[in-house]
2 protein chains.
Amino acid sequence: MKTYIIGHQKPDLDSVVAAISFAEYCKLKKMIDVIPAIIEDANDETKFVFNKFNSPLPQKISITDIKPEDKVVLVDHNEESQRLTGLDQNQITAIYDHHKVNLSLNSPIEIVILPLGSSNTVAWHLFKDINLQIPTNMAKLMLSAILSDTVGLKSSTTTNIDKEAVIDLTTLAGIEDIDSLTLEIFKAKSNISALTDEQVVLNDYKIFDFGKKVLIGQVETVEQEMLIVSRKKGLLAALQSIKERETVDYLILAITDILKVNTKLLISGVGETELIQKA
Amino acid sequence: MKTYIIGHQKPDLDSVVAAISFAEYCKLKKMIDVIPAIIEDANDETKFVFNKFNSPLPQKISITDIKPEDKVVLVDHNEESQRLTGLDQNQITAIYDHHKVNLSLNSPIEIVILPLGSSNTVAWHLFKDINLQIPTNMAKLMLSAILSDTVGLKSSTTTNIDKEAVIDLTTLAGIEDIDSLTLEIFKAKSNISALTDEQVVLNDYKIFDFGKKVLIGQVETVEQEMLIVSRKKGLLAALQSIKERETVDYLILAITDILKVNTKLLISGVGETELIQKA
């Protein structure tokens with residue numbers, strides 16, 4: 001009998017690190033054969049952080065690896081829609097999370113959900129309660145996860161406990177410059193150098209219907225200025241050709257600097273300028 | 001701004017004491033103006049225990065006492081169907097419970113649900129984590145609540161942590177004989193001396209349709225023998241007259257000794273005897 005600790009589908013850094021930190025918590029609670037795992041490939045940001053700190057990623061498992069006698073602990077999510085597809089809810093023995101709850105189960109299990117900026121802040125908080133010494137390498141991963149999930153402690157979900165955790169983990173991890181670590185993480189997260197100009201515009205977009213049809217593309221980056229300076233010509237050409245090809249009246253690309261929390265709009269025609277002035 | 005700590009509708013002893021014990025926990029978390037409350041009158045068992053230990057019951061509040069700026073902490077329940085009717089879910093800031101979860105909220109809040117035998121064991125467990133000294137009188141109430149909710153540590157939901165809590169609270173409360181405290185509590189809970197024979201039969205019943213219609217009444221008591229000896233004649237007469245009056249084919253009264261967990265059936269006719277032999 002194994003106990004798998006798993007995060008949500010499309011795992012982000014907080015989810016992957018939470019599998020590791022809560023596996024430690026489960027071991028302390030005398031669970032045996034506890035295995036932190038991921039259910040889909042790690043994203044570029046996660047790979048960057050684990051690589052930077054010479055840590056192996058948790059093993060990847062699929063639904064067929066979970067035997068009927070195994071148990072599962074969910075971290076960083078609780079809703080059924082975000083869970084490993086096909087997971088039998090009767091195998092879930094605990095849930096540790098920081099999101100809003102949307103959950104209906106057949107029997108009582110351990111659930112700890114705290115409204116903090118990241119799942120790893122929940123883990124840190126529980127570790128503090130029981131005086132666990134957090135090992136250096138786990139501190140590095142947890143610190144990175146908290147910085148990532150709270151957008152460098154700038155997200156609206158950031159609490160004083162997240163700030164306290166970051167101070168404590170910075171000492172434990174022996175890291176001196178949090179700002180440059182944050183910048184490195186977000187560069188890895190928002191690395192768009194491999195995308196073509198059309199891919200940048202259409203990577204993440206929504207179409208709105210304001211009487212006229214408006215396509216708004218969204219790029220999140222930590223290199224806003226550089227992106228605009230170096231790729232403006234190509235991006236404007238991409239906007240023009242997409243607009244001609246797709247059946248939309250206006251096309252706007254919003255380029256957001258994640259850390260400075262400011263957005264610049266790239267537009268291609270007269271109509272868009274009018275639209276923005278009216279807004 | 002006040003923070004009300006409230007249990008479920010039709011409050012039982014565990015729910016009422018949990019309002020008090022978790023109010024203490026909330027104060028430790030620096031919440032201000034924390035008020036344990038009940039939303040309906042306490043039952044006989046609860047009144048007995050609070051009276052025995054010279055403790056005032058929490059104040060009774062209704063939905064109109066909760067102002068829009070107030071906050072509410074739910075204890076011993078999480079489902080909407082068990083909540084104070086009309087409560088705005090956006091005012092709920094925390095939930096502490098030991099039941100299965102069936103919950104959907106708009107935003108993340110603090111939720112601690114542990115699969116233990118009673119809500120007061122959850123409170124005891126959290127107190128231990130933060131080294132809170134439980135005052136003598138609170139220990140008496142918490143001990144009674146755990147004994148009540150776990151049926152004297154005999155229910156199927158009883159865990160080792162419940163047993164540990166009872167040992168610890170017994171010392172803190174300075175109580176010597178747990179068994180006689182348990183018996184006293186259950187006498188108060190199952191006091192049917194004020195009920196007529198017909199009320200005893202129909203106090204808690206279900207009608208089953210097995211081809212023939214069968215009415216099964218259920219009485220829980222700690223004085224099974226005495227009930228059968230002293231009231232058998234009256235109860236049999238009640239069974240007969242109810243059977244004639246109601247349109248049921250069979251009528252059975254199940255008298256369960258809550259603490260010894262055994263059930264005796266009282267039946268009135270030949271048909272019932274045949275039914276039971278077939279089962």
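Everything that follows concerns the structure shown earlier in this document.
Quick summary incoming for the structure in this document. Since we're looking at a predicted model, the values are computed, not measured.

1. A word on the packing of helix α1 (residues 13-28) of chain B against helix α3 (residues 119-129) of chain B
Residue and element names in this part refer to chain B.
Next up, step 1: Where α1 meets α3, the closest approach of the two axes is 8 Å, and the angle between their N-to-C directions is 20°. Classified by the angle between their axes, α1 and α3 sit roughly parallel to one another. Along this stretch, α1 crosses α3, giving a crossing that reads as left-handed. Here Asp14, Val17, Ala18, Ser21, Phe22, Glu24 and Tyr25 of α1 lie close against α3, whose contacting residues are Ser119, Asn120, Val122, Ala123, Leu126 and Phe127.

2. Description of the packing of aromatic side chains
Residue and element names in this part refer to chain A.
Next up, step 1: Within the structure shown, the criterion is met by eight aromatic pairs over all chains.
Next up, step 2: Geometrically, the ring pair formed by tyrosine 25 and tyrosine 96 is edge-to-face, given 5.5 Å between the ring centres and 90° between the ring planes. A residue pair is termed long-range when its members are at least 10 positions apart, and tyrosine 25 in helix α1 (residues 13-28) and tyrosine 96 in strand β5 (residues 92-97) qualify at 71 residues.
Next up, step 3: Overall, tyrosine 25 belongs to the buried group, its relative accessible area being 8%.
Next up, step 4: Through successive ring pairs, a cluster of aromatic residues spans Phe22, Tyr25, Tyr96 and Phe127.

3. Describing the sheet that holds strand β4 (residues 71-75) of chain B
Two strands in a sheet stick together by hydrogen bonds in their backbones, pointing the same way (parallel) or opposite ways (antiparallel).
Next up, step 1: Strand order in this open sheet of 12 strands is β3(A)-β2(A)-β1(A)-β4(A)-β5(A)-β7(A)-β7(B)-β5(B)-β4(B)-β1(B)-β2(B)-β3(B), and the pairing throughout is mixed. Each having just a single partner strand, β3 (59-60) of chain A together with β3 (59-60) of chain B make up the two edges of the open sheet.

4. Some remarks on the packing of helix α4 (residues 136-149) of chain B against helix α5 (residues 160-173) of chain B
All names here are of chain B.
Next up, step 1: Put simply, α4 and α5 touch, their axes get as near as 8 Å, and they point 145° apart. α5 is crossed by α4, and the crossing has left-handed handedness. Residues Thr136, Ala139, Lys140, Met142, Leu143, Ile146 and Leu147 of α4 touch α5, and the partners they reach there are Asp162, Ala165, Val166, Leu169, Thr170, Leu172 and Ala173.
Next up, step 2: Considered class by class, the residues forming the contact of α4 with α5 number 10 nonpolar, two polar and two charged.

Thresholds, definitions, all that
Residues numbered from 1 in each chain as written. Chains lettered and ligands numbered in written order. Predicted model: local features only at pLDDT ≥ 70, side-chain atom pairs only at ≥ 80, totals over all residues. Heavy atoms only, no water. Axes fitted to C-alpha atoms, helices over the stretch in contact; angles between N-to-C directions. Helix = DSSP H or I, 4+ residues; strand = E, 2+ residues; numbered from the N terminus. Parallel < 35°, antiparallel > 145°, perpendicular 65-115°, else oblique. Left-handed = near helix turned anticlockwise from the far one by under 90°. Contact = heavy atoms within 4.5 Å. Phe/Tyr/Trp six-rings, centres within 6.5 Å; stacked < 30°, edge-to-face > 60°. Buried < 20%, exposed > 50% of the residue type's maximum accessible area, 1.4 Å probe, protein only. Pairing = 2+ DSSP bridges. Nonpolar A, V, L, I, M, F, W, Y, C, P; charged D, E, K, R; others polar.

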